Amino acid sequence: MIDFSSVADNFNVIYPELALLIGAFAVLLLGTVKRFAGLCTSVAGLTALIALWLAVDQFGTQQSGFFGMVTCDAFGSAFKIIFIAIAIVTMLIAHRFMIVKQIARPEFYALVLISTFGMIVMANTTDMIVMFLGLEIMSVPLYVLAGFARRSLQSNEAGIKYFVMGAFASAFLLMGIAFVFGASATTDLRRIVADFSYIIYHSGLYMYVGIALILVGFGFKIGMVPFHAWVPDVYQGAPTPVTAFFSAGPKAAGFAVLLRLFMFGFEGVAELSSIFWVLAVLTMTAGNVLALLQDNIKRMLAYSSIAHAGYILIAFAVGGEDALSAAIFYSIAYAIFNLGAFAVVVLLETRSGCRSDFSELAGLSKASPYLCAVLALFVFALTGFPPTIGFFGKFYLFSTAVKAGFIWLAVIGVLNSFVSVYYYLRVLKVSYFDRVEQPALSVSYTPAITLVLLITAAGTLGFGLFPQKLLEFAQSAVFAFL
Amino acid sequence: MTLDLVIFLISSVVAVFGATMMITQRNPIASVLFMILSLLAQAVLYIQLGALFMGAVLVIVYAGAILVLFLFVIMLLNLRGRESLGQPSPPISLTVKYALAVLFVLELIMVVKSSFSSDVFADAGNPGVMVMQTDNFGAVNDVAVLLFQRYLYPFELTSILLLVAIVGAVILAQRSRDDDGPVDAASSGESEGKAAE
């Protein structure tokens, strides 16, 4: 007989994501009635805030539920907070932009909320089936969001491209999970870890094939070289607030699952360290070198996001608890200053006729000096100059690599950062020093985007000067399994 | 010859016959009908194995729902008569086809051979080997217990995934009034008028 009361007890584990889901459904329902459609934005924002509060409330507890399918440990609940915060910032950035570009529709907020739900699901489990379902729930709204500007050809292209590549990647991932299941007869990482040497001894080949396919599947999602080809086109074509969301949310979620898989589940495979060594070097270098050639800011930021993924991959090569918290720290730091940089780009793009080419930045320092100063701050953070959070994140990553004996990896990372100085500072060179015939169009701030700029700027500078709090957060978020 | 064997032989022959006829028919409606025949025969095989639930699902979902949907689509598209076979394939793709066919046949032989030898189930303690859990595994009860207990969470997640996919498809496909200018607004007003009638 099935005892449903035992199921009902499990719901407190998933309160934050449940709130997001209910909010999304409410938005979808309200959106159908014209009279209430205006409420959707506030309903979405309110539910996200409630979910954030629930997630903060949950942080630090160890819970498991639904017959082991949900594992809400410190790692998972830390990422819950990160994902929900990213969703809130995205919605704040998007509100005005969508109206100006005439693509404002209530479904946008529902899709962002559901996508965030998917991220939380995939980060809060040790079961590969649930991970896959979470990944799909995250990705399907993203395909739609990429093509949200239906009258723009570029946006359509981005949607189709992302959909095809995403489906392709999912096939790899599923095949990998099937192989691992075939080798170990379980989809639960905890049982794989418990029987690891036994599984490798009996069916090692299938296990290795499965792990490789899983790595390929997630490699697509986080834009790891050589599976990065879709990133620039999708980032450039998608509406800019959506691009901001792409570069922060799904990327962090992909890394959360990769960390869970490769620093816990398949940690016993010794060869993975050297594989990640090569992947990290390839990803950093390709991202940085290709970013040098770009004339469009969004495209440049796309390649820069590939490069930053490469920096985080260093942690996988190094391994261990320090590297794990360094990777978490860097994911948070990247999300903060990258969202800030994209908020500036969104603000610039709401001027009429702008396509975020570098040349449009000319004269910005005269037209809107404050915005230009904030942009400079984010650019310094992306480059990794002190005293921003970008510097501390890189310092922490590279120093754990050096401590673990991966000196060359750290050296290549530092060299790559030098390369990146060239293209990041080009943004500042154009906006501060390039001469223009006619003065640049001034931007019009809204309270929402001003708030985003203030928060991200404060985070970039504040956590850069006093990283202690964020560091403690990242260090407390290492795995603990029930 | 026991009754079991007779039923097995008849239904397996019917299943293979239906499958063969399905791919050799030129008329799409005949193809679909033969596929339904093949699926019904396969359902009998499942039931013989004790997988009652699988048999029922095969009849209800595949034969009942999906293939009827196929029929509807074919009828709506008005695909009457014979489909032309198109251009003959170039020799390279033919070679690939035959190579793949041979590969699949070899694979089939290996699978059948290994299922007759008993050493597949020899070391049941090995985590790489799946073993049947109960005698009549596959009954509705077993499936329900798995689906609503251990796999409740993934099962419910699937429903959300499907919902998102539907919402997404509607958003992308929906024609909004201000999208395509006045011409579209007039035609959509017309269709609304028709719906009201």
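Remember, predicted model here, so these are calculated numbers, not experimental data.

## Considerations on the overall build of chain B
Argument step 1. When helices and strands are tallied, chain B shows seven helices and zero strands.
Argument step 2. Element order for chain B, N to C, with α for helix and β for strand: α-α-α-α-α-α-α.
Argument step 3. Long-range pairs, those at least 24 residues apart, make up 49% of the contacts in chain B with a sequence separation of at least 6.

## Digging into the confidence of the model for chain B
Residues and elements named next belong to chain B.
Argument step 1. Averaged over every residue, the pLDDT of chain B is 76; residues scoring 70 or more account for 70%.
Argument step 2. The secondary structure element of chain B with the lowest average pLDDT is helix H7 (residues 181-196), at 36, and the one with the highest is helix H6 (residues 152-173), at 92.
Argument step 3. Under a pLDDT of 50 for its full length, residues 120-132 has, in the predicted model, 18 contacts with residues more than four places off or in other chains.
Argument step 4. Ignoring residues within four places in sequence, the model shows residues 180-197, a span with pLDDT below 50, making seven contacts including any to other chains.
Argument step 5. Here the complex is predicted with pTM 0.86, and the ipTM for its interfaces comes to 0.90.

## Digging into helix H19 (residues 447-465) of chain A
All names here are of chain A.
Argument step 1. Helix length check: H19, at 19 residues, gives a terminal C-alpha distance of 26 Å against a target of 27 Å (1.5 Å per residue), a fit within 8%.
Argument step 2. Restricting attention to buried positions, one finds in H19 the residues Ile449, Val452, Leu453, Thr456, Ala457, Gly459, Thr460 and Gly464. Taken end-on, H19 shows its buried residues confined to a sector of 150°, consistent with a single buried face. The exposed set on the far side of H19, more than 90 degrees from its buried face, consists of Pro447 and Leu454.
Argument step 3. Where H19 is buried, its residues touch helix H4 (74-100), helix H14 (321-349), helix H16 (369-383) and helix H17 (389-403).

## Overview of the interface of chain A and chain B
Argument step 1. Taken together, the 40 residues of chain A in the interface contact 30 residues of chain B.
Argument step 2. Both sides of the chain A and chain B interface together cover about 3100 Å² of buried area, and 72% of this is carbon and sulfur.
Argument step 3. At the junction of chain A with chain B, the criterion picks out zero salt bridges.
Argument step 4. Where chain A meets chain B, there are two residue pairs in polar contact (both at pLDDT 80 or more).
Argument step 5. Elements with a contribution of two residues or more to the side of chain A that touches chain B: helix H2 (15-31), helix H5 (107-123), helix H6 (128-146), helix H7 (153-184) and helix H9 (196-222) of chain A.
Argument step 6. The greatest single-element share of the side of chain A that touches chain B, amounting to eight residues, is contributed by H6(A).

## Concerning the packing of H4(A) against H5(A)
Residues and elements named next belong to chain A.
Argument step 1. Two numbers describe how H4 lies on H5: the axes approach to 9 Å, and their chain directions differ by 165°. Between H4 and H5, the angle is such that the two are roughly antiparallel. The element H4 and its partner H5 pack so that their crossing is right-handed. The segment H4 lies against H5, with Phe75, Gly76, Phe79, Lys80, Phe83, Ile84, Ala87, Met91, Ala94, His95 and Met98 engaging Phe108, Tyr109, Val112, Leu113, Thr116, Met119, Ile120 and Ala123.
Argument step 2. When its residues are assigned to classes, the contact of H4 with H5 shows 15 nonpolar, three polar and one charged.

## Things to note about the environment of A:Ala146
Residue and element names in this part refer to chain A.
Argument step 1. By the element assignment, Ala146 lies in helix H6.
Argument step 2. Residues Ala146 and Phe264, 118 residues apart in the sequence, show an inter-C-alpha distance of 32 Å.
Argument step 3. Contact partners of Ala146, with chain neighbours within four places excluded, come to Ser155, Ala158, Gly159, Ala238, Pro239, Val242 and Phe246.

## Regarding the pattern of salt bridges
A side chain of one charge can pair with a side chain of the opposite charge if their charged atoms are brought near each other.
Residue and element names in this part refer to chain A.
Argument step 1. What the rule picks out here adds up to nine salt bridges over all chains.
Argument step 2. Notably, a salt bridge pairs Arg299 with Asp233, separated by 3.1 Å at the nearest N-O pair. Here Arg299 is found in helix H13 (residues 297-318), whereas its partner Asp233 is found in helix H10 (residues 230-237), with 66 residues between them in sequence.
Argument step 3. Among the salt bridges present, the one from Asp434 reaches Lys429, with a minimum N-O distance of 3.6 Å.
Argument step 4. According to the relative accessible area criterion, Asp434 is partly exposed, its value standing at 29%.
Argument step 5. Here Lys429 falls in the partly exposed class, since its relative accessible area comes to 45%.
Argument step 6. Members of the salt-bridge network, linked through shared partners, are Glu157, Lys161, Asp233 and Arg299.

## A word on a nonpolar patch on the surface
All names here are of chain A.
Argument step 1. Together, Val402, Ile407, Trp408, Val411, Val414, Leu415 and Phe418 give the surface a local cluster of nonpolar side chains, amounting to about 710 Å² of exposed area.
Argument step 2. Of the residues forming the nonpolar patch, the biggest block, six residues, is contributed by helix H18 (residues 407-433).
Argument step 3. Its location among the elements puts Phe418 in helix H18.
Argument step 4. By relative accessible area, which is 56% here, Phe418 ends up exposed.

## A word on the packing of aromatic side chains
All names here are of chain A.
Argument step 1. Enumeration over the complete set of coordinates arrives at 34 aromatic pairs over all chains.
Argument step 2. Centroid distance Tyr162 to Phe246: 5.1 Å. Interplanar angle 55°. Geometry classified as tilted. With Tyr162 in helix H7 and Phe246 in helix H11 (residues 240-265), the pair connects residues that are 84 residues apart, well separated along the chain.
Argument step 3. Looking at Tyr162, the relative accessible area reads 3%, which means it is buried.
Argument step 4. Residue class for Phe246 comes out buried when judged on its relative accessible area of 3%.
Argument step 5. Geometrically, the ring pair formed by Tyr423 and Tyr424 is tilted, given 4.5 Å between the ring centres and 50° between the ring planes.

The rules behind the values
Residues numbered from 1 in each chain as written. Chains lettered and ligands numbered in written order. Predicted model: local features only at pLDDT ≥ 70, side-chain atom pairs only at ≥ 80, totals over all residues. Heavy atoms only, no water. Helix = DSSP H or I, 4+ residues; strand = E, 2+ residues; numbered from the N terminus. Contact = heavy atoms within 4.5 Å. pLDDT = per-residue confidence, 0-100. Expected span 1.5 Å × (residues − 1). Buried < 20%, exposed > 50% of the residue type's maximum accessible area, 1.4 Å probe, protein only. Arc of directions from axis to C-beta. Buried area = accessible area lost by both parts, 1.4 Å probe. Salt bridge = Lys/Arg side-chain N within 4 Å of Asp/Glu carboxyl O. Polar contact = N/O pair within 3.5 Å; in protein donor to acceptor, adjacent residues only side chain to side chain. Axes fitted to C-alpha atoms, helices over the stretch in contact; angles between N-to-C directions. Parallel < 35°, antiparallel > 145°, perpendicular 65-115°, else oblique. Left-handed = near helix turned anticlockwise from the far one by under 90°. Nonpolar A, V, L, I, M, F, W, Y, C, P; charged D, E, K, R; others polar. Patch = residues over 30% accessible without salt bridge, like charges linked within 9 Å, V, L, I, M, F, W, Y side chains within 5 Å. Areas by Shrake-Rupley, 256 points an atom, 1.4 Å probe, with all protein chains shown as cover. Phe/Tyr/Trp six-rings, centres within 6.5 Å; stacked < 30°, edge-to-face > 60°.

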